[in-house]
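So the chains spell out like this:
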Amino acid sequence: MLTQERPTTHRGLLQWVDEMARMCKPDRIVWCDGSAEEAKLLTQQAVADGVFETLNPEKRPDSYLHRSNPNDVARVEELTVICSPTKEEAGPTNNWMAPDEAYRKLGAIFDGSMKGRTMYVVPYIMGPAGSPFTKVGIELTDSIYVALSMGKMSRMGKVALDRLGAGGDFNKGLHSVADCDPKRRWICHFPQDNTIWSVGSGYGGNALLGKKCLALRIASTYARREGWLAEHMMILEATSPEGERRYVAAAFPSACGKTNFAMLVPPPLFSGWKLRTVGDDIAWMRVGEDGRLWAVNPEFGYFGVAPGTNMKTNPNAMRTVASNSFFTNVALTADGDVWWEGMDGPIPEDLIDWKGNPWTPASGEKAAHPNSRFTTPMSNNPVLSAFADDPRGVPIDAIIFGGRRATTVPLVLQSFDWKHGVYLGSTMGSETTAAAAGQVGVVRRDPMAMLPFLGYDMGSYFQHWLDMEARIPRPPKIFMVNWFRKGADGRFLWPGFSENMRVLKWILDRSAGKAGANETPIGYTPRESDLDLRELDARKGDVAEALSIDLPAWTRELETQADWYRSLGGTLPASLESRRQSLLEHISRS
Ligand code: OXD
Ligand code: MN
């Protein structure tokens with residue numbers, strides 16, 4: 001129920017809400033309890049305010065379209081800042097601002113920013129209720145869209161205040177869209193204060209503070225201190241026809257098909273396999289009493305990229321968003337449904353584009369913004385793992401790092417050991433998608449897919465990964481995959497999507513010490529005969545090429561990695577640089 005009563009006796013929380021309200025000066029303060037009744041009332045309010053447009057209930061029940069300010073459609077890495085006490089703690093890959101200066105600068109923007117508006121107090125937990133992994137956050141926001149989205153993306157309301165009790169620790173998140181001016185937009189993190197201040201943007205990645213801000217940037221600093229891992233990884237459950245249940249966690253940079261992999265549908269040959277999603281974006285991993293690495297998905301919903309999602313690339317996502325979902329910056333059909341580029345079937349007539357204007361294919365622009373999104377609770381997912389909500393998490397057998405590389409990186413590679421796996425993760429990269437077919441694109445290094453999401457110094461993060469080895473008596477095996485390798489003519493060598501099951505099976509078998517491999521100077525790769533390629537629709541020679549190791553290309557790759565390592569400064573672990581050098585020597589001897 002919408003209430004102005006204060007449903008907690010936590011003095012620190014009450015004082016902080018008062019203090020922030022004195023600064024932001026909202027007309028009203030509403031404490032969210034996370035009930036279905038409250039979501040209904042807030043949704044009605046959002047429709048009345050024009051924040052949401054109701055979609056056709058016959059086509060898309062219980063679903064709404066939101067159009068953002070056109071200047072506010074994505075994460076803003078250049079305005080995302082780690083405000084640790086020293087610049088060295090933030091490291092060379094993060095923007096840094098002195099904490100005092102950041103509080104002063106953003107305080108001036110927050111001052112009076114909520115006049116005439118409601119401040120929603122949104123208590124939430126990241127992690128399953130009752131789990132030792134779980135962290136509490138409170139987000140104060142003047143955006144009804146954010147308050148409602150937090151109810152889909154996190155376990156929100158009473159459950160969090162119950163967990164917090166009268167004196168527990170919580171993340172203090174303050175958010176205001178303010179005047180949505182890109183010149184007055186900042187996303188600042190204060191790890192030492194367990195605080196996030198985000199102003200000037202309503203976009204999910206900037207404004208749903210539980211996700212990238214808390215579950216990755218702030219949590220990564222806790223993870224380092226407390227000896228666990230907070231990672232930009234999906235978690236997938238795979239049960240074999242014999243009933244053996246295994247788990248993998250996989251990191252891919254944004255827009256490399258992570259959500260698709262998390263909802264993979266096996267091809268007909270593998271129909272005896274059951275694949276289930278535990279998480280699609282974030283994994284928190286701790287060492288369990290059995291010495292294995294156990295993971296939870298701290299989130300409760302998916303905030304996925306809509307364009308390109310269809311019944312071939314991700315049928316389970318299409319089923320997930322069939323109802324009870326929010327859509328941001330997609331196109332609207334004449335009959336009140338949503339549409340985006342890449343959706344199945346012909347392009348509907350009379351579309352309204354993401355900015356609210358009539359659209360035809362001749363318009364010369366995309367109807368849906370390329371970063372348009374769906375927001376949907378994980379309970380909608382028809383292939384949700386029965387263990388997605390398990391407070392203990394799930395035991396991870398394999399960690400997978402993936403990127404988008406037209407050349408050099410083979411379809412799959414297994415590291416020699418944990419340290420070599422950390423080395424692979426630390427150098428992973430993706431080619432810019434603008435790269436012309438067949439040409440070597442510009443590689444952006446995105447270690448462990450964490451470049452935009454790490455809350456501290458990158459070299460120290462690599463050291464933390466190396467240190468974890470001694471803490472995990474039964475560590476997962478580490479792999480690298482590349483679904484995107486191309487032949488000389490620019491064609492993809494591997495069909496991808498469902499067929500990635502074949503690679504997953506090899507990874508699971510290798511983790512269990514079962515499948516064969518070829519030992520190359522840069523790691524283990526399957527021979528064609530080690531993969532189950534029956535019924536695969538691929539041109540002769542393509543798979544062999546996708547698996548091949550091009551040693552001159554690897555020599556160039558290892559040489560360019562030197563620049564990346566040098567850019568990280570003095571905290572880069574020496575063992576990683578010596579591993580790079582020894583791999584180069586290994587190649588030159590082979
Ligand atoms: C995301 C991202 O939204 O990685 O998950 O950008
Ligand atoms: Mn992500």
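Our structure is the block above this text.
Residue numbers restart at each chain and count upward from 1, following the sequence in its written direction. To read the labels, note that chains go from A and ligands from 1, taken in the order they are written. The model is predicted, so local features are restricted to residues of pLDDT at least 70 and side-chain atom pairs to those at 80 or more, both for listing and for counting; the totals for chains, interfaces and linings are taken over all residues. Only hydrogens and water are set aside; all other atoms, that is, all heavy atoms of the structure, feed into the side-chain values.

S.K.: What's the story with the pattern of salt bridges in this structure? I'm lost.
M.R.: Pairing between side chains of opposite charge can happen when the charged atoms of each approach one another. The working definition used for a salt bridge is a side-chain nitrogen of Lys or Arg within 4 Å of a carboxyl oxygen of Asp or Glu. Per the counting criterion, the structure on display carries 35 salt bridges. In this structure, R117 and D142 form a salt bridge, with 2.8 Å as the shortest nitrogen-oxygen distance. With a gap of 25 residues between them, R117 in the loop between α4 (99–110) and β6 (118–126) and D142 in the loop between β7 (135–141) and α5 (144–153) connect regions that are remote in the sequence. One salt bridge in this structure joins D390 and R392, with 2.9 Å as the shortest N-O distance. Numbering of helices and strands runs from the N terminus, with a helix taken as a DSSP run of H or I at least four residues long and a strand as a DSSP run of E at least two residues long.

S.K.: What's the story with the coordination of the manganese ion (ligand 2) in this structure? I'm lost.
M.R.: Around a metal, the perfect tetrahedron of four donors has angles of 109.5 degrees, and the perfect octahedron of six donors has angles of 90 or 180 degrees. In this description, a donor is an N, O or S atom within 2.8 Å of the metal centre, a cutoff extended to 3.2 Å for sodium, potassium and calcium. Water is not part of the atom list, which can make sites seem incomplete. On the protein side, the manganese ion (ligand 2) has K212 (NZ), H232 (NE2) and D281 (OD) as donor atoms, found 2.2 Å from it. Taken in sequence order, the residues that donate to the manganese ion (ligand 2) follow the motif K-x19-H-x48-D. Residue K212 is located in helix α8 (residues 210–226), and its partner D281 is located in the loop between β15 (274–279) and β16 (283–287); the two are separated by 69 residues in the primary sequence. Judged by its relative accessible area of 6%, K212 falls in the buried class. Remark: exposure states derive from per-residue accessible area (1.4 Å probe, protein chains only) relative to the maximum for the residue type, with buried under 20%, exposed over 50%, and partly exposed in between.

S.K.: So what exactly am I meant to see when it comes to the state of the cysteines here?
M.R.: One covalent bond between the sulfur atoms of two cysteine residues makes up a disulfide. Pairs of cysteine sulfur atoms within 2.5 Å are identified as disulfides in what follows. Inspection of every chain in the model, using the stated rule, returns zero disulfides. Unpaired in this structure, C213 has its nearest cysteine sulfur neighbour in C188, at a distance of 10.0 Å. According to the relative accessible area criterion, C213 is buried, its value standing at 0%.

S.K.: In this structure, what is going on with the site of ligand 1? I would like to understand it.
M.R.: Note on definitions. A residue lies near a molecule or strand when any single heavy atom of the residue is within 4 Å of it. Close to ligand 1 lie R75, K212, H232, S254, D281, R373 and F453, which account for all nearby residues. Methods summary: accessible areas were calculated by the Shrake-Rupley approach with a probe of 1.4 Å, and residue burial reflects only the protein chains presented. Summarising the interface, the protein chains cover 91% of the accessible area of ligand 1, which totals 210 Å² for the free molecule. Looking at the shell around ligand 1 residue by residue, the classes come out as one nonpolar, two polar and four charged. The nonpolar class holds Ala, Val, Leu, Ile, Met, Phe, Trp, Tyr, Cys and Pro. Asp, Glu, Lys and Arg form the charged class, and all remaining residues, Gly among them, are polar.

S.K.: Which parts of the structure should I look at to understand α5?
M.R.: Residues that lie three or four places apart on an α-helix share one face, since the helix turns once every 3.6 residues. Burial within α5 is extensive, with nine of its ten residues counted as buried. Regarding α5, the residues found buried are I144, Y145, V146, A147, L148, S149, M150, K152 and M153. By the criterion applied in these results, polar contacts are pairs of N or O atoms within 3.5 Å in which, for protein atoms, one can donate a hydrogen and the other can accept it, and in which residues neighboring in sequence qualify only through two side-chain atoms. Here α5 starts with a cap whose side-chain oxygen sits 3.3 Å from the backbone nitrogen of Y145, and that cap is S143.

S.K.: Quick question: what am I supposed to make of the packing of aromatic side chains here?
M.R.: Aromatic ring pairs are defined here through the distance separating the ring centres and the angle between the ring planes. We call Phe, Tyr and Trp rings a pair once their centres come within 6.5 Å, taking the six-membered ring for Trp, and we label the pair stacked below 30 degrees between planes, edge-to-face above 60, and tilted otherwise. Going through the model one piece at a time under the given rule, you end up with 23 aromatic pairs. Seen in terms of ring centroids, W228 and W284 are 5.5 Å apart; in terms of plane orientation they differ by 65°. Their pairing is edge-to-face. In this pair, W228 is assigned in the loop between α8 and β12 (229–231) and W284 in strand β16, connecting sequence segments 56 residues apart. For W284, a relative accessible area of 0% puts it in the buried group. Ring-over charges, as used throughout, are those where CZ of Arg or NZ of Lys falls within 6 Å of the ring centre and within 35 degrees of the ring normal. The ring of Y222 has R225 sitting right over it, with the charged end atom 4.8 Å from the ring centre. Positioned over the ring face of F484 is R404, at 4.1 Å from the centre of the ring.

From the geometry alone we can't say anything about function, so treat these as descriptive.
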